[in-house]
Amino acid sequence: MEFLRQRLEQQIMGLSGLALGGIDYESPAGDPGLFGPDCVCWRVHADFPAMLCGGIGALMLQMLHPLALAGVLDHSNFREDMIGRLRRTSQFIAGTTFAAEADARRLIDRVRRIHAQVQGTAPDGRSYAADDPDLLVWVHVAEVRSFLAAYLRYCNPDLSGEEQDRYYDEVARIAEALGAIDVPRSRQAVQGYLERMRPELVFDERTADVLSLLMTAPAPNRLTQPVGRVMTQAGLQLLPDWARTLIGMNLSPWRHRAVERSMNTLAPAMRWSLRNGASHRARRRMGMAG
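Residues numbered from 1 in each chain as written. Predicted model: local features only at pLDDT ≥ 70, side-chain atom pairs only at ≥ 80, totals over all residues. Heavy atoms only, no water.

Observations concerning the pattern of salt bridges
Taken as a whole, this structure holds 14 salt bridges when the rule is applied. A salt bridge links E163 to R43; the shortest N-O distance between them is 3.0 Å. On the criterion of sequence distance, the pair formed by E163 in helix α8 (residues 161-178) and R43 in helix α2 (residues 40-46) is long-range, its members being 120 residues apart. The exposure class assigned to E163 is buried, which follows from its relative accessible area of 18%. The closest approach of N and O atoms between R206 and D74, which form a salt bridge, is 3.7 Å. (Salt bridge = Lys/Arg side-chain N within 4 Å of Asp/Glu carboxyl O. Helix = DSSP H or I, 4+ residues; strand = E, 2+ residues; numbered from the N terminus. Buried < 20%, exposed > 50% of the residue type's maximum accessible area, 1.4 Å probe, protein only.)

Notes on the environment of Y128
With respect to the helices and strands, Y128 occurs in strand β2 (residues 127-129). When the C-alpha positions of Y128 and L67 are compared, they lie 6.0 Å apart, and in sequence the two are 61 residues distant. In this structure, Y128 is in contact with L67, A70, G71, D74, H75, V118, Q119, G120, T121 and A122, ignoring residues within four places of it in sequence. Here D74 takes part through its side chain, which lies 3.2 Å from a polar atom of the side chain of Y128. Side-chain polar atoms of Y128 contact the side chain of H75, separated by 3.1 Å. (Contact = heavy atoms within 4.5 Å. Polar contact = N/O pair within 3.5 Å; in protein donor to acceptor, adjacent residues only side chain to side chain.)

Examining the packing of aromatic side chains
This model, assessed by the stated rule, comprises three aromatic pairs. A ring pair is formed by W42 and F98, whose centres lie 5.2 Å apart and whose planes are at 70°; its orientation type is edge-to-face. Of this pair, W42 sits in helix α2 while F98 sits in helix α5 (residues 82-98); the two residues are 56 residues apart in sequence, bridging distant segments of the chain. On the basis of relative accessible area, F98 is assigned to the buried category, the value being 1%. Aromatic side chains W138 and Y193 sit 6.4 Å apart centroid to centroid with 40° between the ring planes, which places their arrangement in the tilted category. Remark: Y193 occurs in helix α9 (residues 187-197) and W138 occurs in helix α7 (residues 133-154); sequence separation between them is 55 residues. Residue Y193 is classed as buried on the basis of its relative accessible area, which comes to 9%. (Phe/Tyr/Trp six-rings, centres within 6.5 Å; stacked < 30°, edge-to-face > 60°.)

Describing helix α10 (residues 205-215)
Among the residues making up α10, those that are buried are T207, V210, L211 and L214. Taken down its axis, α10 places every buried residue within 100° of arc, on the same side. Buried-residue contacts for α10 involve α3 (48-62), α4 (66-75), α5, α11 (225-237) and α12 (241-247). Where α10 begins, the capping side chain belongs to D204, and its oxygen is found 3.2 Å from the backbone nitrogen of R206. (Arc of directions from axis to C-beta.)

Structure below.
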């Protein structure tokens, strides 16, 4: 049993930002980082199964914005290295949440430098820049809305409304540190923002190509193939109803239930196997048990 646990943890860690190294989450002792263990984001971002399917859902939502999609397709190797992008995104989220303050700020500064170099012209003729404050808000909201939706569905549906608002208020600080302005900081503000953004979202040939890549992405190995399929379907289910209608992928009720059953089987096994993730190491840094 211990061998199986270690094997599962090894495979899961290979998908996370920990595979990239470069951050010592256990030092310096007592450093709370940008948030600290009393913050809601420590709870939400500590649940790896929810974060994984939430991250996939976030990509599906983000790609509906033509300028966000152009920035990814024109300035990265996303098509050839989706696992690498997953790891880098995971490292940024985990690092800004759980790492010591100096490491978190180093990650933010690095992303700001990368964003400053990403600019161009989208197929519709509009110019874009990754450090555009409005575009940063879209990427951020699509991401944290998906993380929270996954956490509520697959980890803790009893998280109070007040705590959900606290979560949005906390993580807005990261978007603002990257250059975003007027970031929504509550459930109501996020919902209103998404409604205002709907006229700007499109599903065209480029979006369909990215969605197809996400839905058929190869897993790192045979052990993670079934996990990847379930996580992708679970990410799709996290999209708002109007977004699934836009991309033409509304799941039937029986399929919806099948995906939820699979996730509710996989998630406990993943939590059981993980003992050395970023959140575990951060808790040790803070002298906390478990």
